[in-house]
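Notes for the structure review
Each chain, letter by letter, is given below.
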Amino acid sequence: MSEDCLFCKIIDGDIPATKVLENEHVVAFRDIAPKAPVHVLVIPRTHVKDVAAAAAEVPQELAAMALAAQEIADAECGGEFRWVFNTGASAGQSVFHVHGHVLGGTELEWNPA
Ligand code: 5GP
Ligand code: ZN
């Protein structure tokens, strides 16, 4: 838990969110400003800043994030999805508790830059 972290507060229920999946390793909830019909954020329970930190420090939670992303996509968009980790401010990261964006539910274009 990091005191000033929005996503730690969502994990703890101090800030409301529409949660779609929770287990011992991860929490997933709908993005407040969806960019696709399905737009869910998957986060580890441990506060780490980005995907490389997750791989180094909590690899089991990173693996659980991937499984959760697939489970959400199976339930909501036919098992197919895009998984995005904005990493660093210049890449668009605004919350420094690692989160995978699960995007789907439409024909996605490929123009990330
Ligand atoms: P980033 O820009 O760091 O990759 O992604 C952060 C995401 O968190 C954004 O897509 C943004 O819409 C979402 N977000 C920001 N604040 C909240 C919030 O209070 N609740 C939820 N559910 N999503 C949020
Ligand atoms: Zn956090």
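For the structure, check the block above.
Residues numbered from 1 in each chain as written. Chains lettered and ligands numbered in written order. Predicted model: local features only at pLDDT ≥ 70, side-chain atom pairs only at ≥ 80, totals over all residues. Heavy atoms only, no water.

With that settled, consider the sheet that holds strand 2 (residues 26-30). Read from one edge to the other, the open sheet built from five strands follows the order 1-2-3-5-4, with strand pairing classed as antiparallel. Of all the strands in the sheet, just strand 1 (19-22) and strand 4 (82-84) have a single pairing partner and so form its edges. The mean angle between the axes of side-by-side strands here comes to 20°, regardless of whether they run parallel or antiparallel. Bridging between strand 3 (residues 38-44) and strand 5 (residues 100-104) involves five bridges; their strand directions are antiparallel. Note on strand 5: the bridge partner recorded for Val 38 is Gly 104. The strands touched by helix 3 (residues 59-76) within the sheet are strand 1, strand 2, strand 3, strand 4 and strand 5, with strand 3 carrying the most contacts at an inclination of about 160°. (Pairing = 2+ DSSP bridges. Helix = DSSP H or I, 4+ residues; strand = E, 2+ residues; numbered from the N terminus. Axes fitted to C-alpha atoms, helices over the stretch in contact; angles between N-to-C directions. Contact = heavy atoms within 4.5 Å.)

Attention shifts here to the coordination of the zinc ion (ligand 2). A metal bound by six donors in octahedral fashion has ideal angles of 90 or 180 degrees, whereas one bound by four tetrahedral donors has an ideal angle of 109.5 degrees. For the zinc ion (ligand 2), the protein coordination sphere consists of Cys 5 (SG), Cys 8 (SG), His 47 (ND1) and His 97 (ND1), at 2.0 to 2.3 Å. Of note is the zinc ion (ligand 2), whose four donor atoms meet at the metal with angles of 106 to 116° in an arrangement that counts as tetrahedral. One chain supplies every donor for the zinc ion (ligand 2), spaced along it as C-x2-C-x38-H-x49-H. (Donors = N, O, S within 2.8 Å, 3.2 Å for Na, K, Ca; no water. Tetrahedral: all angles 85-135°; square planar, octahedral: opposite > 155°, others 65-115°.)

Applying the stated rule across the entire model yields two aromatic pairs. Ring geometry for Phe 7 against Phe 29: centres 5.3 Å apart, planes inclined by 75°, an arrangement best described as edge-to-face. Linking Phe 7 in helix 1 (residues 6-12) with Phe 29 in strand 2, this pair joins segments that are 22 residues apart in sequence. Each of the two residues, Phe 7 as well as Phe 29, counts as buried. Look at Trp 83 and Phe 85: their rings are 4.7 Å apart centre to centre, the planes differ by 65°, and that puts the pair in the edge-to-face class. (Phe/Tyr/Trp six-rings, centres within 6.5 Å; stacked < 30°, edge-to-face > 60°. Buried < 20%, exposed > 50% of the residue type's maximum accessible area, 1.4 Å probe, protein only.)

As for its placement among the helices and strands, Glu 61 is situated in helix 3. The side chain of Glu 61 sits in the buried core without any salt bridge; Arg 45 is the nearest counter-charge, 7.2 Å away. Only 3.1 Å separates the side chain of Glu 61 from the backbone nitrogen of Arg 45, close enough to count as a polar contact. The contacts of Glu 61, once residues within four sequence positions are left out, are His 25, Val 26, Pro 44, Arg 45 and Thr 46. (Lys, Arg positive; Asp, Glu negative; His and termini not counted. Salt bridge = Lys/Arg side-chain N within 4 Å of Asp/Glu carboxyl O. Polar contact = N/O pair within 3.5 Å; in protein donor to acceptor, adjacent residues only side chain to side chain.)

Moving on to the site of ligand 1. Neighbouring ligand 1 are 16 residues, the closest being Asp 31, Gly 92, Ser 94, His 99 and His 101. Taking Asn 86, its side chain carries an N or O atom lying 2.9 Å from an oxygen atom of ligand 1. Take Val 95: an N or O atom from its main chain is 3.1 Å from an oxygen atom of ligand 1. In isolation ligand 1 offers 520 Å² of accessible surface; the protein chains occlude 82% of this area. Broken down by secondary-structure element, the contributors of at least two residues to the shell around ligand 1 are helix 1 and strand 2. The element that contributes the greatest number of residues to the shell around ligand 1 is helix 1, accounting for three residues. Residues that form the shell around ligand 1 fall into these classes: eight nonpolar, six polar and two charged. (Near = heavy atom within 4 Å. Areas by Shrake-Rupley, 256 points an atom, 1.4 Å probe, with all protein chains shown as cover. Nonpolar A, V, L, I, M, F, W, Y, C, P; charged D, E, K, R; others polar.)

Honestly, it's all geometry; don't read function into it.
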